[in-house]
Amino acid sequence: MKYNKNFDADAVLRAMEALSKHHLEGTPEDEALRVCAAALLFVRDDLQKLEQFREFFRKITTPAIEGIKVAHTFASREEADEWLKSGAALDGQLVRVAGQGFTVIDHGPKGLKLVRIPLPEELPPHKPGR
């Protein structure tokens, strides 16, 4: 499920209220729903707190692979090097060159360079327990 960065806090509270009707007062589930509702109420009316909460929620719910964004894709290293020389590249950008991941690194007076960093799809599948 994708994170909805513009979730409606009031709609979430209404959903929590509907869920709470299925649990007896005083049960652990009832208490958990009350605590969650109180936390959301605490941030809901302060726009800065609500935005901080949204960012925190995004960070803990968005799979890491979805947080990785490739800025540009190039067919060859030569094409990528020309882009670096053009001045359009920014330090820290992630790019794909001939199917491989690289990050742009600012080497000060030496200029920008591409440093190899595998993209998530290049890594072997995670095997739990290892």
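(A) Seen up close, the pattern of salt bridges. For the structure on display, the rule yields seven salt bridges. Among the ionic pairs, Arg44 bridges to Asp10, the shortest N-O distance being 2.7 Å. Of this pair, Arg44 sits in helix 2 (residues 28-44) while Asp10 sits in helix 1 (residues 9-20), and the two are 34 residues apart along the sequence. With a relative accessible area of 27%, Arg44 lands in the partly exposed category. By relative accessible area, which is 34% here, Asp10 ends up partly exposed. For Glu122, the salt bridge is made with Arg116, and the minimal N-O distance between the two is 2.4 Å. Judged by relative accessible area, which is 37%, Arg116 ranks as partly exposed.

(B) Here's a closer look at the sheet that holds strand 2 (residues 94-97). Here four strands make up an open sheet; going across it, the order is 1-2-3-4 and the pairing mixed. The open sheet has two free edges, formed respectively by strand 1 (72-74) and strand 4 (112-116), since each of these has just one partner strand. Between one strand and the next, the sheet's axes are offset by a mean angle of 35 degrees, whatever the strand orientation. Both strand 1 and strand 2 contribute to a ladder of three bridges, which runs parallel. Residue pairing in the sheet places Thr73 in a bridge with Arg96 of strand 2. Taken strand by strand, helix 5 (residues 77-86) contacts strand 1, strand 2, strand 3 (100-106) and strand 4, and its axis lies near 145 degrees from that of strand 4.

Scoring rules and cut-offs
- Residues numbered from 1 in each chain as written.
- Predicted model: local features only at pLDDT ≥ 70, side-chain atom pairs only at ≥ 80, totals over all residues.
- Heavy atoms only, no water.
- Salt bridge = Lys/Arg side-chain N within 4 Å of Asp/Glu carboxyl O.
- Helix = DSSP H or I, 4+ residues; strand = E, 2+ residues; numbered from the N terminus.
- Buried < 20%, exposed > 50% of the residue type's maximum accessible area, 1.4 Å probe, protein only.
- Pairing = 2+ DSSP bridges.
- Axes fitted to C-alpha atoms, helices over the stretch in contact; angles between N-to-C directions.
- Contact = heavy atoms within 4.5 Å.

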